[in-house]
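# Report on the structure
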Amino acid sequence: MSDTQINNQLLHLVIGGELVCVDPTNCEFKDLKAVDFVGAFGSYEDARKAWKEAAQRTVDNAHMRYFIIHAHKLLDPASDQK
């Protein structure tokens, strides 16, 4: 690995749940106790793969949505990485 490459472990959380409505400007979870925690991932690529698999499992439910939370950005807002 060269000096210009930085190998940082990032924190991505993948969660999902059934939304009350699918309006992107005003949505909320129907039941916070039923939120599905898919996992925590060290790279965006791994998180995206898990997100896609979880979303595919619930394709028949229009109100079910999954999200990738870039938790490392909450911990270090100056981070410019995905």
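Below is a summary of the structure that appears in this document. Computed from a prediction, not measured in an experiment: that's the story for all the values here.

## So, the side chain of Thr58
Structurally, the position occupied by Thr58 is in the loop between α1 (44-57) and β3 (64-70). Residue Thr58 is classed as buried on the basis of its relative accessible area, which comes to 19%. A polar contact of 3.5 Å, which involves the side chain of Thr58, links it to the backbone oxygen of Ala54. In this structure Thr58 touches Met64 and Tyr66, once residues within four positions along its chain are discounted.

## Concerning the pattern of salt bridges
This structure, assessed with the given rule, holds 1 salt bridge. Between Lys30 and Glu18 there is a salt bridge, with the nearest N and O atoms lying 3.9 Å from each other. With Lys30 in the loop between β1 (12-18) and β2 (36-41) and Glu18 in strand β1, this residue pair connects regions lying 12 residues apart in the sequence. The class of Lys30 is exposed, set by a relative accessible area of 58%.

## Points about the packing of aromatic side chains
For the coordinates displayed, the defined rule picks out 1 aromatic pair. Taking the centre distance of 6.1 Å and the plane angle of 90° together, the rings of Phe29 and Phe67 count as edge-to-face. Of this pair, Phe29 sits in the loop between β1 and β2 while Phe67 sits in strand β3; the two residues are 38 residues apart in sequence, bridging distant segments of the chain.

## Quick word on α1
Taking 1.5 Å per residue, 14 residues should reach 20 Å; α1 reaches 20 Å between its end C-alpha atoms and fits that length. All of the buried residues in α1 are Ala47, Ala50 and Ala54. Buried positions in α1, seen along its axis, are confined to an arc of 65° and lie on one side of it. Along α1, the residues that are exposed and aim more than 90 degrees away from the buried face are Glu45, Lys49, Lys52 and Gln56. The inward-facing, buried residues of α1 abut β1, β2 and β3.

## So, the environment of Leu13
By the secondary structure assignment, Leu13 is in strand β1. A residue is classified by how much of its surface remains accessible, and Leu13, at 23% relative accessible area, is partly exposed. Residues Leu13 and Ala71 lie 58 residues apart in sequence; the distance between their C-alpha atoms is 6.6 Å. Residue contacts for Leu13: discarding those within four places in its chain leaves Phe37, Gly39, Ala40, Phe67, Ile68, Ile69 and Ala71.

Criteria and thresholds
Residues numbered from 1 in each chain as written. Predicted model: local features only at pLDDT ≥ 70, side-chain atom pairs only at ≥ 80, totals over all residues. Heavy atoms only, no water. Helix = DSSP H or I, 4+ residues; strand = E, 2+ residues; numbered from the N terminus. Buried < 20%, exposed > 50% of the residue type's maximum accessible area, 1.4 Å probe, protein only. Polar contact = N/O pair within 3.5 Å; in protein donor to acceptor, adjacent residues only side chain to side chain. Contact = heavy atoms within 4.5 Å. Salt bridge = Lys/Arg side-chain N within 4 Å of Asp/Glu carboxyl O. Phe/Tyr/Trp six-rings, centres within 6.5 Å; stacked < 30°, edge-to-face > 60°. Expected span 1.5 Å × (residues − 1). Arc of directions from axis to C-beta.

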